[in-house]
Structure formats: structure tokens, C-alpha cells
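Chain by chain, the residues:
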Amino acid sequence: IIDAETNEPVDMSADNFIIITDKTVFYGEGGGEVGDTGYISTENGKARVVDTKKTDGIYLHICETVSGSFQTGDNITMELDKERRAAISRNHSATHLLDAALRRVLGDHIQQAGSYVSDSVARFDFTHFSAVTPEELKKVELLVNEKILEAIDVTADEMDIESAKKSGAIALFGEKYGARVRVVRMGDFSSEFCGGAHVTNTGKIGLFKIISESSVAAGVRRIEAVTGLNVISLINADKALIASTADTLKCSAGDISK
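Residues numbered from 1 in each chain as written. Predicted model: local features only at pLDDT ≥ 70, side-chain atom pairs only at ≥ 80, totals over all residues. Heavy atoms only, no water.

The terminal C-alpha atoms of helix H4 (residues 229-249), which comprises 21 residues, lie 30 Å apart, in line with the 30 Å expected from a rise of 1.5 Å per residue. A positive phi of about 60 degrees marks Lys250, the residue just after H4. (Helix = DSSP H or I, 4+ residues; strand = E, 2+ residues; numbered from the N terminus. Expected span 1.5 Å × (residues − 1).)

Pasting the structure below:
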């Protein structure tokens, strides 16, 4: 157990501290995916895990005290926030489908330039020479949702890097990989190097909706999207806005679209 501010060992309760364990069910932030949250408990204390990071293969559980105290060597029980992990997995798998769909709609010149995956949003940066047109975005969005409805099994296999490259799996340009890599496949539609969390079947993503497309740098575009229950939240927010607008204009919601 180390203090989150000083990185010095502590053997007592602290407001913010880091717990390091010999094994974990939590995912450490990496590859654009945020770290897991949840709880860690012992016989004498309970801590809320507000983030998980990884450095040199060591997982750092960043904690806040809920009750009691912790000692080095304590046996612990881990409680992962499974609903949040599921939402993160939906968004991460959706970025893989999005990457593949962009290549099919815009061309093979597309290269991933970064990503950010949380429980609330899937953000994907990619190289492209111009803004993506509304028609192209519709094609991309439709293709992703078609692959979701096909309920394709998602598989993850570890293999040596040369075999992974020969299999056609896509690697992130500029990323450093070890001798062995994890390849995540979604049928014959998507195959990428990836160590993150994913759904076991594309059908579990539920729905996919693009919410924005913009420029972040010269020759680099960004798409932000939502999946699953976040799509329902987006639809409800849009319906509320339409209803509010209709009320202000003293007309029906149907009249606004005319």
C-alpha cells in the first residue's frame, strides 16, 4: 500500500492511497481505454477504487477509504463495477467495428491516430484528407449497426507478433509491441492488435450512434459515438429538446420536422 501523493509506503488508513496486489480483476488504463473502478475489501476495511493504472506490468489501484484501515499483506476481496466494465467493453468493441467500417467506406488509407474509450463515449481518431460527408457517415453508421445485428462472435487470441502480422491483424501505427500480442477478431470483418476489454459477441453492443465528426489536426479526423443504453439516453434527450422547442413555438412536435 502506498500513498497516492507521496508514493511512500503506508500501513494505515489514508484519504487517498494506492493498493498493489499480486493479481487483479481490474483493467489498468491503457490503449485508449480507461481504468476499471469498484471496491477492494479486507476484514478490517473497505476502499473505493476510483481508477486503475498500469506501469511496467504492475497494476495500481487508486483508492479512497470507505471504512476501516488497510495493512500490507492483507488478504483482499475485489468487487469490479461490472455494469461500467460492460459499457466500456461495448464502446471498445464498437471502435473496432468503426475502424473496419471506415476502411470499407472511405478507403484502405485510413489509419488509427488515437482513441479514447470510457463507459459513456467511444472516441476514434483517424487519418483522412477531408471531412467525412453526412452521406459517408450514414454509410459507416449503418455498416457498424449491421455487424452488430449479425451478432458476430468476438474472439481474442495471444500469438507471436510475426504470426499476428501474417494473419492480417491491424496494429496501431507507432505503437510498441512485445514478442507476443493479443489479437481481437470479429469474424472476417475486423482483426486488430488489442489488449483491452471487449464484448463476447457484437450483438451485445446493442446500438451504435455517431454523435459528431470533426478535425483535431491536419489530416486527422475524430468521430465520437455512443452505444447501448447511452443511445437510448441520447434519443430521450433529443425527444425532450424537440418537445421543449415545440412548446416554445406553440406547435406540435410533428410540425417542427415539416
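Moving on, we get to the nonpolar core. In globular proteins that are soluble, nonpolar side chains generally tend to be buried together. Judged by nonpolar contacts, the single largest core of 28 residues is most densely connected at Leu97, Leu98, Leu102, Phe126, Phe208 and Ile223. Looking at this core, the elements with two or more residues in it are helix H1 (82-106), strand S8 (122-127), helix H2 (134-149), strand S10 (180-186), strand S12 (208-217) and strand S13 (220-227). In terms of residues, this core owes the most to one element, H1, which gives 7 residues. Apart from the residues lying within four places of it in its own chain, the contact partners of Phe208 are Ala94, Leu98, Glu141, Val144, Asn145, Ile148, Ala225, Val226, Thr227 and Val231. Counting 9 residues, the second-largest nonpolar core is a separate cluster that includes Phe17, Ile19, Ala47 and Leu80. (Core = buried A, V, L, I, M, F, W, Y, C linked by side-chain atoms within 4.5 Å. Buried < 20%, exposed > 50% of the residue type's maximum accessible area, 1.4 Å probe, protein only. Contact = heavy atoms within 4.5 Å.)

A separate point is H2. Here H2 contains 16 residues, and its C-alpha end-to-end distance of 22 Å stays within 8% of the 22 Å for a straight helix at 1.5 Å per residue. Of all the residues in H2, the buried ones are Leu137, Val140, Glu141, Leu143, Val144, Asn145, Lys147 and Ile148. In this structure, the buried residues of H2 make contact with H1, S12 and S13. Downstream of H2 by one or two residues, Ala151 has phi in the positive range, about 50 degrees.

Right, let's talk about the packing of aromatic side chains for a bit. We describe a pair of aromatic rings using the distance from one ring centre to the other and the angle between the two ring planes. Evaluation of the coordinates by the stated rule reveals 2 aromatic pairs. Seen from their ring centres, Phe17 and Phe70 are 5.4 Å apart, and the 45 degrees between their planes marks the pair as tilted. With Phe17 in strand S2 (residues 16-19) and Phe70 in the loop between strand S5 (58-68) and strand S6 (77-80), the pair connects residues that are 53 residues apart, well separated along the chain. Since its relative accessible area comes to 1%, Phe17 is described here as buried. Pairing Phe124 with Phe126 gives two aromatic rings, centres 6.1 Å apart and planes at 20 degrees, and the pair type is stacked. (Phe/Tyr/Trp six-rings, centres within 6.5 Å; stacked < 30°, edge-to-face > 60°.)

Interaxial distance between H1 and H2 falls to 9 Å at its minimum, and their mutual angle equals 130 degrees. Classified by the interaxial angle, the pair formed by H1 and H2 is oblique. Two packed elements cross with a definite hand, and for H1 against H2 that hand is right-handed. When H1 is examined against H2, the residues Leu97, Leu98, Ala101, Leu102, Arg104, Val105 and Leu106 are found in contact with a partner set consisting of Glu136, Lys139, Val140, Leu143, Val144, Lys147 and Ile148. The residue makeup of the contact of H1 with H2, split by class, is 10 nonpolar, no polar and 4 charged. (Axes fitted to C-alpha atoms, helices over the stretch in contact; angles between N-to-C directions. Parallel < 35°, antiparallel > 145°, perpendicular 65-115°, else oblique. Left-handed = near helix turned anticlockwise from the far one by under 90°. Nonpolar A, V, L, I, M, F, W, Y, C, P; charged D, E, K, R; others polar.)

Moving on to the sheet that holds S10. Read across the sheet, 3 strands follow the order S9-S10-S11 without closing on themselves; strand pairing throughout is antiparallel. Taken across any chain shown, the strands that pair with only one partner, and hence form the sheet edges, are strand S9 (154-160) and strand S11 (190-193). Across the sheet, the mean angle from the axis of one strand to that of its neighbour is 25 degrees, orientation sign disregarded. Alignment of S10 against S11, held across 4 bridges, turns out to be antiparallel. What sits directly across from Arg185, in S11, is Ser191. (Pairing = 2+ DSSP bridges.)

A few words now on the environment of Ile19. With respect to the secondary-structure elements, Ile19 resides in strand S2. The buried category is assigned to Ile19, whose relative accessible area is 5%.

Non-glycine residue Ala151 carries a positive phi angle of around 50 degrees. Among the secondary structure elements, Ala151 is positioned in the loop between H2 and S9. Not every positive phi belongs to a glycine, and Lys250 is a case in point at roughly 60 degrees. According to the relative accessible area criterion, Lys250 is exposed, its value standing at 73%.

The next point concerns a nonpolar patch on the surface. A contiguous nonpolar surface patch, about 360 Å² in accessible area, is contributed by Leu207, Leu229, Ile232 and Ile235. Along the polypeptide, Leu229 turns up in helix H4. (Patch = residues over 30% accessible without salt bridge, like charges linked within 9 Å, V, L, I, M, F, W, Y side chains within 5 Å. Areas by Shrake-Rupley, 256 points an atom, 1.4 Å probe, with all protein chains shown as cover. Salt bridge = Lys/Arg side-chain N within 4 Å of Asp/Glu carboxyl O.)

With that settled, consider the pattern of salt bridges. Two side chains carrying opposite charge are able to pair once their charged atoms lie near each other. Scanning the entire structure with this criterion turns up 11 salt bridges. Taking the shortest distance from any N to any O, the salt bridge between Glu29 and Lys53 comes out at 2.6 Å. Here Glu29 is found in the loop between S2 and strand S3 (38-41), whereas its partner Lys53 is found in strand S4 (residues 45-55), with 24 residues between them in sequence. With relative accessibility at 39%, the residue Glu29 sits in the partly exposed group. Using a relative accessible area of 33% as the deciding quantity, one classes Lys53 as partly exposed. Where Arg103 meets Asp99, a salt bridge forms, and the shortest distance between an N and an O atom there is 3.1 Å. Of the two residues, Arg103 and Asp99 are both situated in helix H1; the distance of 4 residues between them amounts to about one turn of the helix. Of the two residues, Arg103 and Asp99, neither departs from the other in class, the shared state being buried. Each of Glu29, Asp51 and Lys53 takes part in a single network of salt bridges with overlapping partners.

Bear in mind that shape data such as this cannot, by itself, settle questions of function.
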